[in-house]
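# Understanding the architecture of this molecule
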Amino acid sequence: MKRPKKLLPPALTAVMFVAAMAMLLFGSVESTRAALTYYSETYASRVQMYNIGVSLKENGERVSWRDYNSAGNGTWNEHTGVLLSHMLEEGESLKLGKTYEEVLNVVNSGTINQYVRVTIYKYWMDAEGKKLQELSPALIDLNLVNLGSDWILDEEATTPERTVLYYKKLLYAEGEGVSETSPFADTLTIDGMVASKVSQEKVTEGGYTTITTSYDYDGVQFMLEAKVDAVQEHNAEDAILSAWGRSVTVSNHMLSLD
């Protein structure tokens, strides 16, 4: 039996922010852990929320989620997971240029139909936690898949550091239709060019000359973040414009950018 559809105010959203960070050390890598933070925003006052929820899956496993509590008491059922934690075997060092499996997709874990958006951020930070402008985000190669067929790249909102994707299809609540998106990424590769810049120091002492070579970017961090937003099906065009500031057209449960 299908669940009765519940109508929400046009501008109600549930938002999940997923931030993955990893320490890149040439020759070794610390445990690649993600700090996952969630928040929700209500764009209309005194509204009632009905079981809206969204989850992120990594390599087939639901790693984090934020679902409105079915008890209706204003609380959220949420779990903070870890991204990239299984990318390396125990004791294994990150290999520049090696391609690692990193399949990411979204699941409707609530009980109402919804449309979803994913925003990906890629950038570099030095050992002191300061952003490195001189290192290109393109060196962090998260391979995007299913563009055009299932996911829409918002070229107007996309920059070298930020990628914005919209899922074209309505994501149904479980039991009412397909509740899981196709992947928007499948692999992660850190380009070996990050190790191409080196410095040399020459020291002459006692008739002997020693040349020391060091990597200029030894100890930098690569940052990978994915922010997932969900908006209810009801009055979706107005809801998306209010919540995300993007004009879209929804026809026959398919979303397109205006």
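As a starting point, this report considers the structure included with it. Source: prediction; values computed, not measured.

## What to know about the pattern of salt bridges
Per the counting criterion, the structure on display carries seven salt bridges. For Glu128, the salt bridge identified is with Lys130, shortest N-O distance 3.8 Å. Its relative accessible area of 64% is what places Glu128 among the exposed residues. When salt bridges that share partners are traced, they join Asp154, Glu156 and Arg246 into one network.

## Let's talk about helix H1 (residues 236-244)
Along H1, the residues classified as buried are Ala236, Ala239, Ile240, Ala243 and Trp244. Buried residues of H1 fall within an arc of 95 degrees about the axis and therefore sit on the same side. Where H1 terminates, the next one or two residues include Gly245, which has phi positive at roughly 70 degrees.

## Comments concerning the nonpolar core
Judged by nonpolar contacts, the single largest core of 33 residues is most densely connected at Val106, Trp124, Leu135, Trp151, Phe184, Leu188 and Phe222. Within the residue set of this core, elements represented by two or more residues are strand E3 (53-58), strand E6 (99-107), strand E7 (114-125), strand E8 (140-144), strand E10 (162-167), strand E11 (185-190) and strand E14 (221-232). Setting aside its immediate chain neighbours within four residues, Phe184 contacts Leu56, Leu104, Asn105, Val106, Val118, Ile120, Asn143, Leu144, Val145, Trp151 and Leu165. Counting residues in each nonpolar core, the second largest holds 13 residues, with Ile240, Ala243, Val248 and Leu255 among its members.

## Some words on unusual backbone geometry
Its identity is not glycine, yet Asn235 carries a phi of approximately 55 degrees, on the positive side. Tracing the chain through its elements places Asn235 in the loop between E14 and H1. Of note, His253 is a non-glycine position whose phi angle comes to about 65 degrees, a positive value. You can see His253 is positioned in the loop between strand E15 (248-251) and strand E16 (254-257).

## Side note on the pairing of E3
Burial runs high along E3: six of the six residues are buried. The alternating pattern of E3 places Gly53, Ser55 and Lys57 and Val54, Leu56 and Glu58 on opposite faces, both of which are buried. With four bridges joining them, E3 and E6 adopt antiparallel strand pairing. By the bridge assignment, Glu58 is partnered in E6 with Leu104.

Conventions used here
Residues numbered from 1 in each chain as written. Predicted model: local features only at pLDDT ≥ 70, side-chain atom pairs only at ≥ 80, totals over all residues. Heavy atoms only, no water. Salt bridge = Lys/Arg side-chain N within 4 Å of Asp/Glu carboxyl O. Buried < 20%, exposed > 50% of the residue type's maximum accessible area, 1.4 Å probe, protein only. Helix = DSSP H or I, 4+ residues; strand = E, 2+ residues; numbered from the N terminus. Arc of directions from axis to C-beta. Core = buried A, V, L, I, M, F, W, Y, C linked by side-chain atoms within 4.5 Å. Contact = heavy atoms within 4.5 Å. Pairing = 2+ DSSP bridges.

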